[in-house]
Amino acid sequence: MGLIPQKPPPLPPLQEGSFSSRLRTQRGATLIGIALAVSVGLCFLTGLYSHLQQHPVEWLPIPALPTWLYRFSQGLHVASGLAAIPLLLVKLWTVYPRLFQWPPVAGVVNAVERLLIFVLVAGMIFQLATGTLNTTQWYPWQFPFVPTHYAFAFIILGALLLHVGFKYWTIRRALRTDLAHSAPITNRPEPEEDFGHGADDDTDDTESRTPPESAPSPVGGLSRRGLLITGGVAVGAVTVTTIGQTVSPLQDIAALAPRIPDIGPQQVPVNRTAQAAGIDLLSVEREYALQLLGPDGEVSLSLTELGELPQQDVQLPISCVEGWSASALWGGVRIKDLAALVGGGEGSTVRVASIEQNWPYARSELQPQFVGSDLTLLALRINGEVLDADHGYPARIIAPNRPGVLQTKWVQRLEVV
Amino acid sequence: MRAVFLIVGFLVMVLGLWLLWEANSIDTLINVGVWLVAGVLLHDVVLATIVALAGWGIAQFVPPRIRGWVQGGLVVAGAITIMATPVLIGAGRKPDNPSLLPLNYPLNWLIVMVVIAVVTVLLGAFTGRRATAADTH
């Protein structure tokens with residue numbers, strides 16, 4: 001008899017009181033929601049900055065300094081997105097009874113609100129899931145990732161602001177109540193929020209009818225505060241095991257990071273290898289020459305001739321959109337000096353073309369502030385060695401405060417305009 | 001103030017929906033829809049059921065005194081596991097690029113789980129002993 005596995009008892013019907021956990025409270029949901037909103041807000045702003053980097057607008061030029069700005073902002077983008085995962089899970093657990101609200105729709109306003117919550121929840125799960133998959137370069141879908149990710153950033157932000165608008169008085173009430181006396185979240189229909197005048201009504205008696213959380217609880221388990229602390233610890237754990245991909249002193253404990261700053265050819269990670277880019281190294285060895293075009297005509301420079309120009313070393317990070325970054329000492333010729341050879345000067349823009357063909361990022365553009373910077377190089381060396389093929393041999397762009405995808409590798413031509 | 005949230009939220013969301021429409025064809029929009037619905041089902045049905053069953057199991061088998069620690073440890077371990085699913089599956093790996101996903105993630109995940117378990121047990125034992133000591137006074 002004892003060997004027959006016991007079936008779990010059937011789940012109770014979803015009626016009033018089905019969700020009895022005393023951990024699900026209005027105030028808990030609000031506090032977790034605020035933490036989630038902060039992480040989503042940081043993710044949105046840093047994402048917008050990255051978008052601006054890749055789609056520059058004239059009226060808001062990206063500065064060349066500080067050199068670490070993109071490294072910081074994109075590291076924060078991925079870290080805040082990963083931190084949102086445990087926060088979203090705790091938030092959804094807290095409000096889960098609302099999914100089973102009965103009756104499912106209580107009026108037009110309630111119907112609109114529930115539809116918007118579906119958009120918010122589905123959008124958040126979508127954005128965090130596809131974003132995290134992107135950091136491992138796994139794209140198991142058909143839609144274009146970058147513009148869809150960009151669109152969902154606005155959809156989510158909009159749905160979030162609308163959600164705050166709909167729950168406005170609930171949130172304000174919850175913020176005025178202490179956790180022990182906060183109203184529980186159940187599947188009972190909530191009184192519809194007053195959309196008319198002066199709904200700031202503190203006489204709502206939901207709170208007073210709520211028995212305070214008895215401490216300690218007779219059934220044991222987490223307290224209401226304990227649940228929130230656990231959410232914070234989960235954020236910390238997720239961060240500690242991944243942040244080393246961009247904060248290199250912590251790389252030894254980055255157990256679950258998709259990248260490690262000193263693992264790669266010449267101790268620097270690579271996003272796109274020479275093989276993936278279809279670079280024919282034999283023909284590069286045989287016949288490489290950099291083409292320089294500008295107002296004063298055309299110049300062709302062999303690797304030897306490039307080596308004879310004044311050289312400069314700069315310490316700059318490669319900062320990838322996928323959230324990892326690694327600093328290196330780059331050696332090469334200043335773009336400014338190369339542009340001057342063909343008549344470039346103050347205010348010149350340089351268009352960069354790679355040997356690689358047929359890839360959206362095979363071309364890039366250095367705006368005047370980057371061309372003018374002493375830190376912007378056509379790099380020939382990394383950490384004192386000739387560039388590895390995967391780092392863009394024979395020559396690549398390295399400029400301060402830029403996404404790695406714009407640091408064009410295997411440079412074939414520079415056009416000064 | 002409330003009107004500001006509603007109006008700005010509406011406008012921002014419409015902008016996002018327009019961007020989504022511009023970026024996609026009907027076919028890829030359907031694919032987006034599949035991902036949206038699948039994500040919700042994965043959470044609302046699969047994950048929620050697992051969590052509910054775990055909660056039921058804890059209530060049945062874990063003594064009340066350490067229940068909170070077990071719950072907390074499982075929440076942290078579960079969140080990390082969900083976050084790490086892409087690196088654990090490792091489908092993005094490319095033979096030409098060993099710098100992508102360079103670690104032994106299943107082993108590292110196991111170590112992280114052990115660390116969480118040990119820390120949870122130590123904290124539970126420490127606070128439990130303190131509580132017992134306080135009781136005897």
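Quick caveat: nothing in here was measured; it's all calculated off a predicted structure.

Conventions and cut-offs
Residues numbered from 1 in each chain as written. Chains lettered and ligands numbered in written order. Predicted model: local features only at pLDDT ≥ 70, side-chain atom pairs only at ≥ 80, totals over all residues. Domains from an automatic or database assignment. Contact = placed C-beta atoms within 7 Å. Helix = DSSP H or I, 4+ residues; strand = E, 2+ residues; numbered from the N terminus. Nonpolar A, V, L, I, M, F, W, Y, C, P; charged D, E, K, R; others polar. Pairing = 2+ DSSP bridges. Axes fitted to C-alpha atoms, helices over the stretch in contact; angles between N-to-C directions. Parallel < 35°, antiparallel > 145°, perpendicular 65-115°, else oblique. Buried ≥ 20, exposed ≤ 12 C-beta atoms within 10 Å, placed from the backbone.

Caption draft 1: Here's a closer look at the domain arrangement of chain B. Along its sequence, chain B is carved into domain 1 (1–61) and domain 2 (63–137). Taking only C-alpha atoms, the centre of domain 1 of chain B and the centre of domain 2 of chain B are 27 Å apart.

Caption draft 2: Molecular detail of the interface of chain A and chain B. In this assembly, 62 residues from chain A lie in contact with 59 residues from chain B. Counting only elements with at least two residues in the side of chain A that touches chain B, the list comes to α2 (69–95), α3 (108–134), α4 (145–166), α7 (224–240) and α8 (274–277) of chain A. Looking at which element gives the most residues to the side of chain A that touches chain B, the answer is α4(A), with 14 residues. Looking at the side of chain A that touches chain B, its residues break down into 45 nonpolar, 16 polar and 1 charged.

Caption draft 3: Spatial organisation of the sheet that holds strand β1 (residues 289–294) of chain A. Residue and element names in this part refer to chain A. Across the sheet, which stays open at both edges, the 5 strands sit in the order β2-β1-β10-β5-β6 with mixed pairing between neighbours. Edge positions in the sheet fall to β2 (297–302) and β6 (363–366), since each has one partner strand and no second. Shown here is a sheet whose adjacent strand axes are inclined to one another by a mean of 20°, direction ignored. Relative to β6, strand β5 (residues 350–354) runs antiparallel, the two being bridged by 4 bridges. Residue pairing across strands places Ala353 opposite Arg363, the latter belonging to β6.

Caption draft 4: Geometry of the packing of helix α1 (residues 26–54) of chain A against helix α5 (residues 168–176) of chain A. Residues and elements named next belong to chain A. One can describe the packing of α1 onto α5 by two numbers: an axis separation of 8 Å at closest approach and a directional angle of 105°. Comparing the axis directions of α1 and α5 gives the class roughly perpendicular. On α5, the residues touching Gln26, Arg27 and Thr30 of α1 are Thr170, Ile171, Ala174 and Leu175. In terms of residue class, the contact of α1 with α5 is made up of 3 nonpolar, 3 polar and 1 charged.

Caption draft 5: Broad picture of the environment of A:Gln291. Residues and elements named next belong to chain A. By the secondary structure assignment, Gln291 is in strand β1. What makes Gln291 partly exposed here is the crowd of 15 C-beta atoms within 10 Å. Each C-alpha atom of the pair Gln291 and Leu162 lies 54 Å from the other, and the pair is 129 residues apart in sequence. In contact with Gln291, other than residues within four places in its own chain, are Glu298, Ser300, Gln412 and Arg413.

Caption draft 6: Here's a closer look at the pairing of β2(A). Residues and elements named next belong to chain A. Note that β1 and β2 share 6 bridges and pair antiparallel. Bridge assignment links Leu293 to a residue of β2, and that residue is Glu298. Where β1 hands over to β2, the hairpin turn is made up of 2 residues, counted between the paired strands.

Caption draft 7: Summary view of the domain arrangement of chain A. Residue and element names in this part refer to chain A. Domain boundaries assigned for chain A yield domain 1 (26–240) and domain 2 (274–416). Spacing between the C-alpha centres of domain 1 and domain 2 amounts to 42 Å. Elements supplying a minimum of two residues to the side of domain 1 that touches domain 2: α1 and α2. A breakdown of the residues in the side of domain 1 that touches domain 2 according to their chemical character gives 11 nonpolar, 9 polar and 1 charged.

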